Amino acid sequence: MNIAEVITRVILVGIGATVVMDVWLTMLKYMGVQTLNFAFIGRWAGHLFRGRFAHRSIGQAQAISGEVTWGWLTHYAVGIAFAGLLVAVHGTAWLQNPSILPAVAVGFSTVIIPLFVMQPAMGLGFAASRTPAPLKSCLRSMANHTVFGLGLYLSAVVIGWISR
């Protein structure tokens, strides 16, 4: 597999896995479960570009023009980056012969980013410790990222099948 094909597959796997996660989040939302607010992700990302990393409360931070769009773009860019992490850790051969365990393991491990980087930076505390139900928030994040890992696997399988 040449470098262009690897990059293309990583991008497609990342997008596909993020779509799987979004379908999961949409199902949760329809069941009445509070899910991600992409406007807040976009607001945080927008402030990053302005040199501000941490906020007392991202909900009270100054709004950013186009923050919902920025949130979605950030969400998908991170999904692609995490797909790149999977390939960096397990090699390009994984793209040709995907297996579920590495994908789910990498997907699950990516929960470190929201729990220990994004949530604290948004004023929610480490592992959502400043939210009304920290354990519930952490478990939900773990489930979401496990679903993302499953999406990495399913996307790689589908892309491999289509490219044959």
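Residues numbered from 1 in each chain as written. Predicted model: local features only at pLDDT ≥ 70, side-chain atom pairs only at ≥ 80, totals over all residues. Heavy atoms only, no water.

> Please set out the packing of aromatic side chains residue by residue, giving values where relevant.
Under the criterion given, the structure shown has five aromatic pairs. For the pair Phe49 and Trp70, a centre-to-centre distance of 5.9 Å together with 50° between the ring planes defines the contact as tilted. Linking Phe49 in helix 2 (residues 38-49) with Trp70 in helix 3 (residues 67-90), this pair joins segments that are 21 residues apart in sequence. Taking the relative accessible area as the measure of exposure, Phe49 reaches 69% and is therefore exposed. Following the ring pairs from residue to residue traces out a cluster consisting of Phe38, Trp72 and Tyr76. (Phe/Tyr/Trp six-rings, centres within 6.5 Å; stacked < 30°, edge-to-face > 60°. Helix = DSSP H or I, 4+ residues; strand = E, 2+ residues; numbered from the N terminus. Buried < 20%, exposed > 50% of the residue type's maximum accessible area, 1.4 Å probe, protein only.)

> Quick rundown of the side chain of His75? Include the residues and the values.
Positionally, His75 belongs in helix 3. The buried category is assigned to His75, whose relative accessible area is 11%. Apart from residues no more than four positions distant in its own chain, His75 is found in contact with Thr18, Met21, Asp22, Leu36 and Phe38. (Contact = heavy atoms within 4.5 Å.)

> Lay out the environment of Gly42 with the relevant residues and their values.
As for its position among the elements, Gly42 is in helix 2. Relative accessible area serves as the criterion here: at 0%, Gly42 is assigned to the buried category. In this structure the C-alpha to C-alpha distance between Gly42 and His75, which are 33 residues apart in sequence, comes to 8.8 Å. Apart from the residues lying within four places of it in its own chain, the contact partners of Gly42 are Glu67, Trp70 and Gly71.

> So what about the pattern of salt bridges? Which residues, and what values?
Counted under the stated rule, the structure contains two salt bridges. With a closest N to O distance of 3.3 Å, Arg9 and Glu5 form a salt bridge. Here Arg9 and its partner Glu5 are both found in helix 1 (residues 3-30), four residues apart, which amounts to about one turn of the helix. On the basis of relative accessibility, which here comes to 33%, the residue Glu5 falls in the partly exposed class. (Salt bridge = Lys/Arg side-chain N within 4 Å of Asp/Glu carboxyl O.)

> Now, about helix 3: what can you tell me, with residues and values included?
An α-helix turns once per 3.6 residues; consequently, residues spaced three or four apart project the same way. Across its 24 residues, helix 3 extends 34 Å between first and last C-alpha, which sits within 8% of the 34 Å expected from 1.5 Å per residue. Contacts from the buried residues of helix 3 go to helix 1, helix 2, helix 4 (93-96), helix 5 (100-109), helix 6 (112-121) and helix 7 (134-163). Of the residues trailing helix 3, Gly91 is marked for its positive phi of about 90°. (Expected span 1.5 Å × (residues − 1).)

> Mind laying out a nonpolar patch on the surface, listing which residues take part and the relevant values?
On the surface, Ile3, Ile7, Ile11, Ile15, Val19, Val23 and Met27 cluster together to form a nonpolar patch covering roughly 590 Å² of accessible area. The topology assignment puts Ile3 in helix 1. Its relative accessible area of 63% is what places Ile3 among the exposed residues. (Patch = residues over 30% accessible without salt bridge, like charges linked within 9 Å, V, L, I, M, F, W, Y side chains within 5 Å. Areas by Shrake-Rupley, 256 points an atom, 1.4 Å probe, with all protein chains shown as cover.)

> Could you give me a rundown of the packing of helix 1 against helix 3, with the residues and numbers involved?
Packing of helix 1 against helix 3 brings their axes to within 8 Å, and their N-to-C directions diverge by 125°. On the basis of the axis angle, helix 1 is oblique to helix 3. In terms of crossing hand, the pair formed by helix 1 and helix 3 is right-handed. Residues Val10, Ile11, Val13, Gly14, Ile15, Thr18, Val19, Met21 and Asp22 of helix 1 form the contact with helix 3, whose own contacting residues are Trp72, His75, Tyr76, Gly79, Ile80, Ala83, Gly84 and Val87. The class makeup of the residues in the contact of helix 1 with helix 3 is eleven nonpolar, five polar and one charged. (Axes fitted to C-alpha atoms, helices over the stretch in contact; angles between N-to-C directions. Parallel < 35°, antiparallel > 145°, perpendicular 65-115°, else oblique. Left-handed = near helix turned anticlockwise from the far one by under 90°. Nonpolar A, V, L, I, M, F, W, Y, C, P; charged D, E, K, R; others polar.)

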